[in-house]
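# What the coordinates show
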Amino acid sequence: MAFQRIKTVCYLALVLMVLSSGHSTAAAVAGDQGKAADVYQLIQWTDLMPDEDLQALLNPPAYLDDIEDGSPEDQISSQVAAAISKAKDDPYQRALVSTRVRPEFDRRKIKIPGFVVPLAFDDNMIVNEFFLVPFFGACIHVPPPPPNQMIHIIYEKGLKLESLYDPYFVEGTVVIKEHSSDEMGTASYSLNVAKLYPYTE
C-alpha cells in the first residue's frame, strides 16, 4: 500500500473516532469558560485541524489510487517532495503540509492522547524534548503528520521512555508556536505540560 494511502487511512480512522463519539470536542472546549480553571478538556487530534484541511483529507484525490506499490512515487522522499510542489493548487497536498492552526486553542487547557517522538535526551537517556503525534510510527516509519497534527513539548521533568509503542495522555496549556526539526518535521503547536501519564482507555 502506498504511503500516501497509509496516511489517508490513519486520518480517516481519527475522523471516524471523533464522529462516533457523537459530539464535538472542539465545541466543548469553546464552551468551557465557565468551568474551573484547572480543568483539562479532552480533545481529539482532528479538533486542532482547520475544517478546510480536514475536509481535504477526508476527500483524497483519485490520482492516489493510480500510484503503484514500489514505484518511485510510492517512496517517502518522493511523496514529501510532491506534497510541497503541488501544495499551491491541490487542497489535499496543502493539507498534508499545512501549518494552519485553530487560534481558539491558544492558551487552552487540554488533555490529549498521543505517541512520543523523541527529539532530545539527557545523559541518562531521559527524554526531555519530543513531538507528540496522533499515531505510532509518525516521523519514523512513515511521513510526518501535517504540522497542525504535531505538538512540540519540552518536558523538564523528563520521561523514561520504555517503548515507542506506548501511548501517553498529556495535560497542559496550548501555545500556538511553530517548532521545526530537520529530521522529524514541524509542529504548529506547543504545549506547556502539567501532567504526563500512560494512556488508558
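A brief structural summary. (Residues numbered from 1 in each chain as written. Predicted model: local features only at pLDDT ≥ 70, side-chain atom pairs only at ≥ 80, totals over all residues. Heavy atoms only, no water.)

### Section: the pattern of salt bridges
For clarity, the threshold we go by: Salt bridges, as used here, are contacts in which a Lys or Arg side-chain nitrogen is within 4 Å of a carboxyl oxygen on Asp or Glu. Per the convention used, a helix needs a DSSP run of H or I reaching at least four residues, while a strand needs a run of E reaching at least two, with both numbered from the N terminus. Three labels apply to residues, based on accessible area from a 1.4 Å probe with only protein chains included: buried if under 20% of the type maximum, exposed if over 50%, partly exposed otherwise in between.
Applying the stated criterion across every chain, the model contains four salt bridges. The residue Glu52 makes a salt bridge to Arg94 at a minimum N-O spacing of 4.0 Å. Here Arg94 lies in helix α5 (residues 91–96) and Glu52 lies in helix α3 (residues 51–58), a separation of 42 residues in the sequence. Given the relative accessible area of 48%, Glu52 is considered partly exposed. A relative accessible area of 31% means that Arg94 is categorised as partly exposed. Across the salt bridge formed by Glu104 and Arg102, the nearest N and O atoms sit 2.8 Å from each other. Each of Glu52, Asp53, Arg94 and Arg100 takes part in one network of salt bridges that share partners.

### Side note on the nonpolar core
We count it as follows: By nonpolar core we mean a set of buried residues, namely Ala, Val, Leu, Ile, Met, Phe, Trp, Tyr and Cys, connected to one another through side-chain atoms within 4.5 Å.
Core analysis: the largest hydrophobic core is formed by 21 residues, its most contacted members being Leu48, Ile112, Phe130, Leu132, Ile151, Ile153 and Leu159. Mapped by element, the contributors of at least two residues to this core are β2 (109–121), β3 (127–133), β4 (151–159), β5 (167–175) and β8 (189–198). Tallying contributions element by element places β4 first for this core, with four residues.

### Description of the pairing of β3
Convention followed: When DSSP locates at least two bridges between a pair of strands, those strands are taken to pair.
Along β3, six of the seven residues are buried, which leaves the element largely enclosed by surrounding structure. Two elements, β2 and β3, share six bridges in a ladder whose sense is antiparallel. Looking at the pairing, Phe121 lines up with Val127 of β3. The hairpin formed by β2 and β3 contains five residues between the paired strands, and Met125 there has a positive phi angle of roughly 65 degrees. Here five bridges tie β3 to β4, and the two strands are oriented antiparallel to one another. Bridging from a neighbouring strand, Leu132 pairs with Ile151 of β4.

### Let's talk about the pairing of β4
Where β4 lies against β8, two bridges are found, and the strand directions are parallel. Paired with His152 across the bridge in β8 is Ser190.

### Section: the packing of aromatic side chains
Here is the rule we go by: The rule is short: rings of Phe, Tyr and Trp, with Trp giving its six-membered ring, pair when the centres are within 6.5 Å, and they are stacked under 30 degrees, edge-to-face over 60, tilted in between.
Scanning all chains against the criterion turns up two aromatic pairs. Here the aromatic rings of Phe169 and Tyr197 are separated by 5.8 Å at their centres, their planes lie at 45 degrees, and the arrangement is tilted. One end of the pair, Phe169, is in strand β5; the other, Tyr197, is in strand β8, with 28 residues separating them in the sequence. When its relative accessible area of 8% is taken as the criterion, Phe169 is described as buried. An angle of 40 degrees between the planes, with centres 4.9 Å apart, marks the rings of Phe169 and Tyr199 as tilted. Of this pair, Phe169 sits in strand β5 while Tyr199 is found in the segment after β8, placing the two residues 30 residues apart along the sequence. By relative accessible area, which is 32% here, Tyr199 ends up partly exposed. Taken together through their ring pairs, the aromatic side chains of Phe169, Tyr197 and Tyr199 make up a single cluster.

### Some points on a nonpolar patch on the surface
How we decide: The residues that make up patches have over 30% relative accessible area and no salt bridge, and they are joined within 9 Å when like-charged or within 5 Å when they are Val, Leu, Ile, Met, Phe, Trp or Tyr. Computed with the Shrake-Rupley method and a 1.4 Å probe, the accessible areas treat only the protein chains shown as cover for residues.
On the surface, Phe136, Leu164 and Tyr165 cluster together into a nonpolar patch covering about 290 Å² of accessible area. Here Phe136 is to be found in the loop between β3 and β4. When its relative accessible area of 30% is taken as the criterion, Phe136 is described as partly exposed.

On their own, these measurements won't tell you what the molecule is for.
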